[in-house]
Structure formats: structure tokens, C-alpha cells
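Chain and residue survey
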Amino acid sequence: MNLIRDGISMLKNVKTYWKEPPAGKYMTFKEIFAYSVGGLGAYSIFTMAQALLLSTTNFIIGNTIGIQPMHIYIMYVISVITNIPLTMVRANMVDNVRYKEGKYRPYLLRMGIPTILLSLLFVFTPYAKVSYIWRCIFIFIYNFGLQFFYNFFYDAYENLIHVLSPNSQERTNVTSIKSMIYSLSPTATNFIIPLIAKKVADGNIYDLKVYQWLYPFISVVGVALIILVYAGTEEKIVVAKTHTIKIKFIDALREVAKNKYFWIISIAGWLGFLETCTWMILQWLYNYAKACTPEQYSMITLIRGTAYGWGLVLAPSFIKRWGKKKVLIVTNIFNVICLAMIYPSLGSIWTVLIWMYFNAVADSFILVLNPAIQADIRDYQHYKSGERIDGMFGAVALIGSFITMATSSVLPAVYEKFGIYQGNGYENMYDVLYDWDTFYKLCGVLVILSVVGAALNVIPYFFYDLTETKQKSIIKILQIRAMFEDYGNGVLKDEDMISTMELIRDSKRKIKEGRKDITLLKQHKASKQEIKQAHEFNEQVEISYAVMEELERFTKPQALARLEWAKEVTAAGINGISNISKRQLERAKNLPKNTKEETAIRKEAIADAKLAIRCKKAADKYYVNGIKPYDENELNALYEKEKALMERKSALLKEKGEKDKIAQLSGKLKTISKEIKLKQQEYQHFFESTKVYFEAKKYIEQAENYARFGEIDTMYSAAAVNK
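This is a predicted model, so every value here is computed, not measured. (Residues numbered from 1 in each chain as written. Predicted model: local features only at pLDDT ≥ 70, side-chain atom pairs only at ≥ 80, totals over all residues. Heavy atoms only, no water.)

With that out of the way, let us pick up the overall build of the protein. Of regular secondary structure, the protein possesses 30 helices and zero strands. Per-residue burial for the protein yields a buried fraction of 49% across its 723 residues. Counting contacts in the protein only where the partners sit at least 6 residues apart, residues at least 24 apart contribute 81% of the total. Accessible surface computed for the protein: about 35900 Å², of which carbon and sulfur atoms make up 59%. (Helix = DSSP H or I, 4+ residues; strand = E, 2+ residues; numbered from the N terminus. Buried < 20%, exposed > 50% of the residue type's maximum accessible area, 1.4 Å probe, protein only. Contact = heavy atoms within 4.5 Å. Areas by Shrake-Rupley, 256 points an atom, 1.4 Å probe, with all protein chains shown as cover.)

Okay, structure coming up:
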């Protein structure tokens, strides 16, 4: 009966909150539906592209097309290196290119459709009719395109959840729902592949005919569902209405590099590179050990696919109760045990399935944990740097590409050691795996490598301390900063002011009430519900202290010291940048560092001095005769003109208008595009040369806005009376 009541209640909530989010939440049920169901399409396209990407474990490229493992590795290394500038382009576009649809939504279709086309070209290319070198060339060209379009598309969909809601638990819940739905896509695909293989390729799941049958259907479904995500979601970032993003690539890179949580998560991934070595064992048991029939293998893949549902269902409640850090550590330790048990079970594919099933259960938690953590560390980045620089995380992660290049050579070397190389006496180099002795020994080594990788992977998580309470505090602080910035710019809306002022007043009340004594409650044998409520209240008190500390930010010695520096910089004016010398950095380094407070002041002074020196170098380079002021209105006017011309051209194309007029508009657009590039370059030089001045000016404005809190409080009192 309770289940029925819960079901009816959920249906009522869906109807009530279909177009309006529940109190305290940001996403409507319509958005959740669009993002989650659309995930089926996104992951269908991911499945296509991932199966074709260069990697040392890619069996379509190695087994089917016949490229040697070490040659695959060499192409993989070249692919990683060529991807570096592409990643920088993607990062810069996400953080700086302005689309009314937001940061990520514009790229769902722009990058998804080229990903599909490249995947189809890959599988329909007649490799058997061309030489070995041409096969390598085709694979490299297709991968070069996929590196850009697929990675951009993947980031656009996966990172979209980061900006659909600033509420960490809501993001976690939606990620869980999305993951449960999208997991049906790879599960269904893996179930169908052996059945298609039986019909068209004598059971060989690596034959390209299988993918030539499958991929066109996936393409149609993928596009249709991605349109649903694009049309049914809306991005939301806690930022001032008048805030404009102006991020120089190297500056954003520098800021992300300071994010300790980014490094913790990245190092965990780099240390755990060996963990997936056992991924192919089930396929090998079917394909080479003939451990089951095609129908049985389809059932095995289906059973294994259902394992991912456990983590997707349980992760949100586990995270809510124990926090992301504890769940990460426990599931990773469980993963080590499951991987270790695979080797003694190789005699039976069904026993291997059991341990891989539990391994998949542990892995399934990361499907919810990883997006949730990635979103949290971006909130932290926004809080620390004042900018939402999501795209640059991928650029900094390029450092990991070089680590991955080195570590990826391990698997080809292991394969070669066990006889998988061209000229090993077999028609297909992988046919050596039909020999049980070779098969068994190789799998044993792969299991050991996986266990080592999984064990190394868990170590960095012990240093992760971005708690759920800290993340909630960050969001409240960002809300306060946005209110002050909007007030200073004269665009503060009543609803935003009321919401933020109620947050501040509520924080003051909670601090006055003080924390609940949990120990005393337990001694008095309070109910579980009372203890739970006390824990929740204490969390709110902790958040309240963070809120009040933010309000008093510009009264602290660290802020006052930086305020003094900012006034000196602005008093000297823009052209005062030319008088900056390296002595400023020396003075900053000579500041005392005897206390925690002094260390913080010194650290900030050094960072500001380094920024000032970089600006002077740029000013000396670009403005020999003094810095000329930049009129941003000229660039904005060009953007508007370009937009109007594009709309006119689009309308003519739809109406099949005169070709001459369309050609004229195309010519005008090219001219404006050149003008925009010149203005953008001019602005970049100006921004690079004057950033220290505008940073100082911005800091002074922030301090002045915070000092006007009394004015906002008076406005709130009047608005509350009227309300």
C-alpha cells in the first residue's frame, strides 16, 4: 500500500512541478525528463564513437581492421598530441563564446551530428580493399575528427548538468535518474551485437558488418533524442545579471591549476589507468575460449548491464547519508576485491560474470559520483576565481594526456609479450588467444594489473575534503556576491534581493540559536528523527557562519591589505602600468609569514605582483606610445550587425530567395567577420595589458558595494512591507 501511495504521490508531483520547480529546487520535471530521456540518444552516439576511438584496447581497430598493437599505440600518441590544440579551442569556446542558449546547449547538435557522420564513415570504409598504410591513414583521419567533435559533444552533454542547477543534491538526484535511463542504451546495444553478429558475421562480434547494420539505426534515434535535450532544458548559473565573462586562456589555465580538488580527482584517474585491463575478458571468453553460445553471451551482457542500476538507484541516498568522499572510498575498495576474484574464476564464464557483475555494481556508483563531484569542484572554482571557467578544466587535464600516453604503452607491451603481434604465425594476430595456456596466463597478468590500478585509484580520495556542507556554503556565498554586484550596477531585481536578504537574516537567527548538542540528545534518548533534524540544523548553522563571514569579508586584515594595493593601482591609472617594476614582487615576497593570516596576505600580494608584471610586459609589447582606451561598444555593435545579417540570410535561404542577394549577404558577413576578429584581437591586447588595473578597480567596487549593505537592507524592509 505504501508503494502505491508513493507512486500516486510521485505522479501528482510530476503534474504539479512539470513547468515550475519545487520550492528550493531549480529544475522542473519537464527539464529532468528532457535531460534524462535525451541521455539515451547522447549515450547511443557515445557508444558509436567510443567503439572507434584510438586506444590500445580497441579490438575493432586491432582485431577487425588488423592494425598491430604497437602501431595503434603510435597512432594513439600522435592523436593525443594533435588533440592538445583542439582541446584548447574547445575550452576557449565554452568559456568565452557567447550564445543565448548558454555554455553547453549550443554544442549538442553542432557537435553531435558531425560525430555521427564520422562514425558512419569509419564503419563503412572498405578497409579490405586498401593497403595497410591507407588503413592507418583512414583511421587516423577519422580519429582526428572524432577527437574534436566527439569530445566536444561528450563534454556538452555531461557538463550540462553542472549548469542546470546550483543545488548539489539536486544535481546528484538528476544524474542518478539520467544514468538509470541512459544505461539502457549501452546495455541494449551490447545485448543486440552478438545476435546481429550471429546473423551477419558467423558470431564474430568484431566484424564491421555488425556495426554497418547497427549504426544507422542508432544515428536516427540519437539525433531525435538530442533535440529533446536541447529544446527541453535551460541553463542556470548563480552569477550577477550584468556579469560579463572575459577570460584569457592562460589566466583561466592558471586559475584551474590552483584548484586542489581538480588535481585530487585527476591524480586518482591517472593512478588507476590499469583498472580497466580486465574489461575484455568476458568478450575473450566468448570469442576465443568458446565458453558460451551467442545467445548465452547476449544474456550475459544483458545481466552485466543490469548491475549498473544498483549504483544509480542507491548512490543519491548513500551520498546524502554518508557524503561523496566515504562512498567513493568504500566502493573503490570493494572494486579491488571483485577484480582480484576474476583470475581464479576463469574456468567458468558464469563465475567470471558474477565477479564482474559486482565490479560493475561498484563502478556504477562513479556514474553518479563523478558528475556530482565535477559540478562541485566547478562551483568551488567559481567561488575562488570569480569566474565560471568550466571549459578550461579540460585544457588543464591535457597534462594527464602525457601521463596517459606513457601508461598506455603498458598494455601493447603485455600483448606483444604474450604473442599478439603481426607475423606470429596466425592469420589474425589475435588468434593466438585460441590457445588456452596463452589465454589463461595473459588474463592472469591483466587481472593483477587491474587490481594494482584499482588500489592506486582510491588513494587520492582520502585527501578530498569538499564536503556537501562546504558546497552549500559556496552557493550561498555566490548568491550574496551576485546580489552586491547587481546592486552596484543598478539592476538588482526585487525577487533576487528578497531571496538573498532572507538568507542573510535567517543565517543571523540560526547563529543566535546556536548548534544543537547531539550528544545530549542521544543521552536523553531522543528519536532518530529528532537527531536527524538536529544534524540538519547544525549544518545550517555552519553554512550561516560562512554566510556572515562573507558579509564581513572586507573588514578582515587580508581584504584591507589587498584594498590598499587596489587603491594604489587605480590611483596610478591605466598608463601607470608602464611604471611597474619587479621590485613589487620582491616586496611581496619579503612580507612576513609568521601566522596563517600573514601567510594569506603574502600569498595574495605575490599573485597580484606577478599579474602586474605580466601586464607591464604586454603593455610594453603592444602599446609603445602608451595604452589606448578600448571601446567595447564597437565590438558589441559588430556582433549585433553580424546577427542581423545572419538572420536575413537564413530567412532568404528558407524562402529560396535570390541567389545574388544571398551571395551579397555572405560577402558582408565575411567582411564583418574580419572586422570582429581584428576588434577581438585589439581587445585581447588591451585586456592582457590592463588586467591588473581592472582587477584592482573591480575589488574596490566590490568593497564599496558590500559597504552599502545598509541601503539594501532598507530596500528589503520596504519591499517586505509591500509584499
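With that settled, consider unusual backbone geometry. Even without a glycine there, the phi angle at K290 is positive, about 50°. Relative to the assigned elements, K290 resides in the loop between α12 (281-287) and α13 (294-306). Looking at K290, the relative accessible area reads 58%, which means it is exposed.

Now for a nonpolar patch on the surface. Taken together, the side chains of I267, L271, I448, V452, L456, I459, F462 and F463 make up a nonpolar region of the molecular surface, amounting to roughly 710 Å² of accessible area. Counting only elements with at least two residues in the nonpolar patch, the list comes to α11 (260-271) and α20 (436-458). Ranked by residues supplied to the nonpolar patch, first place goes to α20 with three residues. Note that I267 resides in helix α11. Taking relative accessible area as the criterion, I267 reaches 34% and is therefore assigned partly exposed. (Patch = residues over 30% accessible without salt bridge, like charges linked within 9 Å, V, L, I, M, F, W, Y side chains within 5 Å. Salt bridge = Lys/Arg side-chain N within 4 Å of Asp/Glu carboxyl O.)

F122, I139, I281, W284, Y415 and L433 are the most contacted members of the largest nonpolar core, which has 95 residues in total. Ignoring any residue separated from it by four or fewer positions in sequence, one finds I281 in contact with I342, L346, V352, M356, C443 and V447. In this structure, I498, I613, L635 and F687 belong to the second largest nonpolar core, which totals 57 residues. (Core = buried A, V, L, I, M, F, W, Y, C linked by side-chain atoms within 4.5 Å.)

A separate point is helix α2 (residues 29-50). Across its 22 residues, α2 extends 30 Å between first and last C-alpha, which sits within 8% of the 32 Å expected from 1.5 Å per residue. With 17 of 22 residues buried, α2 is to be regarded as a mostly interior element. (Expected span 1.5 Å × (residues − 1).)

What follows concerns the packing of α2 against helix α9 (residues 208-232). Remark: α2 packs on α9, axes separated minimally by 7 Å, with the N-to-C direction vectors making an angle of 150°. Viewed along their axes, α2 and α9 adopt a mutual orientation that is roughly antiparallel. Helix-helix and strand crossings are classified by hand; for α2 and α9 the assignment is left-handed. Residues of the contact of α2 with α9, tallied by class, amount to 16 nonpolar, eight polar and two charged. (Axes fitted to C-alpha atoms, helices over the stretch in contact; angles between N-to-C directions. Parallel < 35°, antiparallel > 145°, perpendicular 65-115°, else oblique. Left-handed = near helix turned anticlockwise from the far one by under 90°. Nonpolar A, V, L, I, M, F, W, Y, C, P; charged D, E, K, R; others polar.)

To continue, consider the pattern of salt bridges. Inspection of the entire model under this criterion finds 17 salt bridges. Close ionic contact of K616 with D620 constitutes a salt bridge, the shortest N to O distance being 3.2 Å. Linking K616 with D620, this pair stays in helix α27 (residues 596-622), spanning four residues, or about one helical turn. Classification of D620 by relative accessible area gives partly exposed; the value is 41%. Salt bridges linked by common partners bring K324, D376 and E468 together as one network.

Packing of α2 against helix α6 (residues 132-164) brings their axes to within 11 Å, and their N-to-C directions diverge by 160°. Here α2 lies roughly antiparallel to α6, going by the angle between them. With respect to the hand of their crossing, α2 and α6 are arranged in left-handed fashion. For the pair α2 and α6, the contacting residues are E31, Y35, S36, G38, G39, A42, Y43, I45, F46, A49 and Q50 in the first and L146, Y150, F153, Y154, Y157, E158, L160, I161 and L164 in the second.

What follows deals with helix α22 (residues 494-513). Between its first and last C-alpha, α22 extends 28 Å over 20 residues, near the 28 Å set by a 1.5 Å rise per residue. Turning to α22, its buried residues are M497, I498, T500, M501, L503, I504, S507 and K510. Residue G514 follows α22 closely and has a positive phi angle near 80°.

Looking at the element boundaries, S298 is found in helix α13. The exposure class of S298 is buried, given its relative accessible area of 1%. Considered as a pair, S298 and N190 are 108 residues apart in the sequence and their alpha carbons are 7.2 Å apart. Other than its neighbours up to four places away in sequence, S298 contacts F191, P194 and L195.

Inspection of the entire model under this criterion finds 42 aromatic pairs. Ring centres of Y35 and Y157 lie 4.7 Å apart, and the angle between their planes is 20°; on these two criteria the pair is classed as stacked. Separated by 122 residues along the polypeptide, Y35 in helix α2 and Y157 in helix α6 bring together distant segments of the chain. The two residues Y35 and Y157 agree in class, both being buried. Taking the centre distance of 5.1 Å and the plane angle of 75° together, the rings of Y288 and Y434 count as edge-to-face. On the criterion of sequence distance, the pair formed by Y288 in the loop between α12 and α13 and Y434 in the loop between α19 (410-417) and α20 is long-range, its members being 146 residues apart. (Phe/Tyr/Trp six-rings, centres within 6.5 Å; stacked < 30°, edge-to-face > 60°.)

It is worth spelling out the environment of E295 at this point. Within the element layout of this structure, E295 appears in helix α13. The sequence separation of E295 and G203 amounts to 92 residues, and the corresponding C-alpha distance is 9.8 Å.

What follows covers the confidence of the model for the protein. In this model, the protein carries a mean pLDDT of 83, and residues with pLDDT of at least 70 account for 90%. In the predicted structure, residues 238-245 sits below a pLDDT of 50 and forms 27 contacts with residues beyond four places in sequence or in another chain. (pLDDT = per-residue confidence, 0-100.)

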